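# A structural walkthrough
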Amino acid sequence: DGTRIKKVKDFLASRFQTKDLGPLKYFLGIEVSRTRKGICLSQRKYCLDILRDSGMIETKPCESPMVPNMKLKADDGDSLENPEKYRRVVGKLNYLTITRPDIAFPVSVVSQFMSSPRTSHWDAVTHILKYLKGAPGHGILYQNHGHHVIEGFTDADYNEDPTKQTVYHRLLCICRREPSFVKK
């Protein structure tokens, strides 16, 4: 609603020095695009930068972010010669999960081995990168359904984790309602 947006902008301008830069297109590495279907958030450029920086830009893509039923252990494989590269790439992948929930679980798995990464852990990271190569522009679409309903989605991995006896849960709730502003 244009009137409410103008009221918020006027309120902020009365309290702070502001400048209207127009519709949001890019913020902190997140690309924002609007369509009739809704608002899409992606990190295409950031994803391609990760692939380029890790030397995987020319790699052959794969169809899944993780090898099914793969169980990584802390002592699998040899120690990496360059553990800093592993930490840097996994850190970047962690930030990429903002718009790529499809890689959240595999990234959480490889993140467990940041202190002492091994070759098998790096192989899992390269598998994630190959998956990203197949669709670097994927993101999240916040659809306009025309209603004000909160929708929740959950996913759980009840498989046994060899390093911990825990269950992984992910929950995504999307509020389909305009924000309300309270005046004191």
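In this convention, every chain numbers its residues from 1, walking through the sequence in written order. The predicted origin of the model limits local features to residues at a pLDDT of at least 70 and limits the giving and counting of side-chain atom pairs to 80 or more, whereas totals for whole chains, interfaces and linings rest on all residues. For the side-chain quantities, the full set of heavy atoms in the structure was used; hydrogens and water were omitted.

So, on to unusual backbone geometry. You will see that L28, though not glycine, has its phi angle at about 50°, which is positive. Labels follow the DSSP assignment, with helices taken as runs of H or I lasting at least four residues and strands as runs of E lasting at least two, numbered in each case from the N terminus. Along the polypeptide, L28 turns up in the loop between β1 (26-27) and β2 (30-34). One non-glycine residue, N69, adopts positive backbone phi at about 60°. Residue position: N69 is located in the loop between α2 (44-53) and α3 (83-96).

Following DSSP output, two strands are said to pair if at least two bridges run between them. Read across the sheet, four strands follow the order β1-β2-β3-β4 without closing on themselves; strand pairing throughout is antiparallel. Since the sheet does not close on itself, it has two edges, and those belong to β1 and β4 (139-143), each with one partner. By the bridge criterion, four bridges tie β2 to strand β3 (residues 38-42) in an arrangement that is antiparallel. Across the sheet, the residue bridging to S33 is C40, located in β3.

What is meant by a nonpolar core is a set of buried Ala, Val, Leu, Ile, Met, Phe, Trp, Tyr and Cys residues, joined one to another through side-chain atoms within 4.5 Å. Note on classification: 1.4 Å probe, protein chains only; a residue is buried when its accessible area is under 20% of the maximum for its type, exposed when over 50%, partly exposed between these limits. Counting residues in each nonpolar core, the largest one holds 28 residues, and the members touching the most others are Y86, L93, L96, V110, V125, L129 and L132. Contributions of two or more residues to this core are made by α2, α3, α4 (104-111) and α5 (119-134). Residue contacts are defined here by distance: any two heavy atoms, one from each residue, within 4.5 Å place the two residues in contact. Beyond its immediate stretch of four places on either side in the chain, L132 contacts C47, L51, L93, L96, R100 and I103.

What follows covers the confidence of the model for the protein. Looking at the protein, pLDDT values average 83 and 79% of them are 70 or higher. The pLDDT value expresses, per residue, how confident the predictor is, ranging between 0 and 100. pLDDT under 50 marks residues 165-184. Its contacts with residues more than four places away, or in other chains, come to 42 contacts.

Take the side chain of H127 next. Summarising the element assignment, H127 is placed in helix α5. On the basis of relative accessible area, H127 is assigned to the buried category, the value being 18%. Whenever a nitrogen or oxygen atom comes within 3.5 Å of another N or O atom, the pair is scored as a polar contact, on the condition that within protein one atom can donate a hydrogen and the other can accept it, and that pairs from neighbouring residues in sequence are kept only if both atoms are in side chains. In this structure the side chain of H127 is engaged in a polar contact, spanning 3.0 Å, whose partner is the backbone oxygen of S64.

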